[in-house]
Amino acid sequence: MKRLAKYFVNGLITMVPILLTTYIVLKVFNFLDGLLGRYLIEYLGIKIPGLGLLITLVIITAVGFLATAWISRKVLSLIDHLVNKIPLIKGVYGTIKDTVNSLLGDKKSFSQVALVDLPGTRAKIVGFVSTEDLSAFGPIDADHIAVYVPQSFQVAGFTLLVPRADVTILEMSPDEAWRFILSAGVAG
């Protein structure tokens, strides 16, 4: 009976990551393919899996190209300015824009892995330096930086404002750190 239980656990360990990864990839694929795919089915009369995704990627790339052109930059700047004038929407738009720029833009956040000393203990916590400029907070000392500490097994976390002296920058890739944190220290 113990042997059967061991085989079952080994089967779970083998299959769960494969099945969950496949499920997530298929959900993302179907979502992206469905953005334009449903309209292509009506227009073409047949369903071609992946065509909606391909056209979506082409449109995103074309918008990226146009965003670098001088005239298009001016139009996008005007749209950006107008959206930032609308109450409530400007908060949502600004937050999403800042987050996307920090993850994909030239000045990437979360590129430095930090080890933070927890006060009064010998314990440490792993996080990511999200910003070193806290001037917007006024009374906070200039020696503080913001460190984002994600929680294991969920998409949540804390942003801590800690003294630089309590932070050690690690020579670890952000991918390795994410894997370590999100797996509660099991992976990595």
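Given the structure is predicted, the values throughout are model-derived calculations rather than measurements.

### Remarks on the overall build of the chain
Right, so step 1: A count of helical and extended segments in the chain gives 5 helices and 5 strands.
Right, so step 2: Seen in sequence order, the chain has helices and strands lined up from the N terminus as α-α-α-α-β-β-β-β-β-α.
Right, so step 3: Whereas a compact globule of 188 residues would reach a radius of gyration of roughly 16 Å, the chain reaches 23 Å, over 25% beyond that.
Right, so step 4: Counting only residues that meet the buried cut, the chain has 19% of its 188 residues in that class.
Right, so step 5: Of all intrachain contacts in the chain linking residues separated by at least 6 positions in sequence, the fraction that spans at least 24 positions is 30%.
Right, so step 6: Approximately 14400 Å² of the chain is accessible, and the part contributed by carbon and sulfur atoms is 69%.
Right, so step 7: Looking at charge distribution, the chain has the averaged site of its 17 positive side-chain charges lying 9 Å from that of its 14 negative ones.

### Here we look at helix α1 (residues 2-44)
Right, so step 1: Of all bends in α1, the biggest is about 50 degrees, found at G34.
Right, so step 2: In this structure, the buried side of α1 is in contact with α2 (51-68).
Right, so step 3: One or two steps after α1, the chain reaches G45, where phi turns positive at roughly 85 degrees.

### Focus: the side chain of H144
Right, so step 1: In this structure, H144 sits in strand β3 (residues 144-150).
Right, so step 2: A residue is classified by how much of its surface remains accessible, and H144, at 15% relative accessible area, is buried.
Right, so step 3: A distance of 3.0 Å separates the side chain of H144 from the side chain of D143, its partner in a polar contact.
Right, so step 4: Not counting residues within four places of it along the chain, the set of residues in contact with H144 comprises E132, L134, L161, V162, P163 and R164.

### Focus: the sheet that holds strand β4 (residues 157-163)
Right, so step 1: The 5 strands are arranged β4-β3-β2-β1-β5 in an open sheet whose pairing can be described as antiparallel. Both outer strands of the open sheet, β4 and β5 (167-170), are each paired with one neighbouring strand and no more. With strand direction ignored, the average angle separating the axes of adjacent strands in the sheet is 40 degrees.
Right, so step 2: Here strand β1 (residues 113-117) runs beside β5; their pairing, made up of 4 bridges, is antiparallel.

### Section: the packing of α2 against helix α3 (residues 70-83)
Right, so step 1: Axis separation between α2 and α3 bottoms out at 5 Å; the angle between their running directions is 100 degrees. Considering their axes alone, α2 and α3 lie roughly perpendicular with respect to each other. On the side of α2, the interface is formed by L66, A67 and T68, while α3 contributes W70, S72, R73 and L76.
Right, so step 2: Considered class by class, the residues forming the contact of α2 with α3 number 4 nonpolar, 2 polar and 1 charged.

What counts as what
Residues numbered from 1 in each chain as written. Predicted model: local features only at pLDDT ≥ 70, side-chain atom pairs only at ≥ 80, totals over all residues. Heavy atoms only, no water. Helix = DSSP H or I, 4+ residues; strand = E, 2+ residues; numbered from the N terminus. Rg over C-alpha atoms; globule rule 2.2 N^0.38 Å. Buried < 20%, exposed > 50% of the residue type's maximum accessible area, 1.4 Å probe, protein only. Contact = heavy atoms within 4.5 Å. Areas by Shrake-Rupley, 256 points an atom, 1.4 Å probe, with all protein chains shown as cover. Lys, Arg positive; Asp, Glu negative; His and termini not counted. Charge placed at Lys NZ, Arg CZ, Asp CG, Glu CD. Bend = angle between axes of the 7 residues up to and from the residue. Polar contact = N/O pair within 3.5 Å; in protein donor to acceptor, adjacent residues only side chain to side chain. Pairing = 2+ DSSP bridges. Axes fitted to C-alpha atoms, helices over the stretch in contact; angles between N-to-C directions. Parallel < 35°, antiparallel > 145°, perpendicular 65-115°, else oblique. Nonpolar A, V, L, I, M, F, W, Y, C, P; charged D, E, K, R; others polar.

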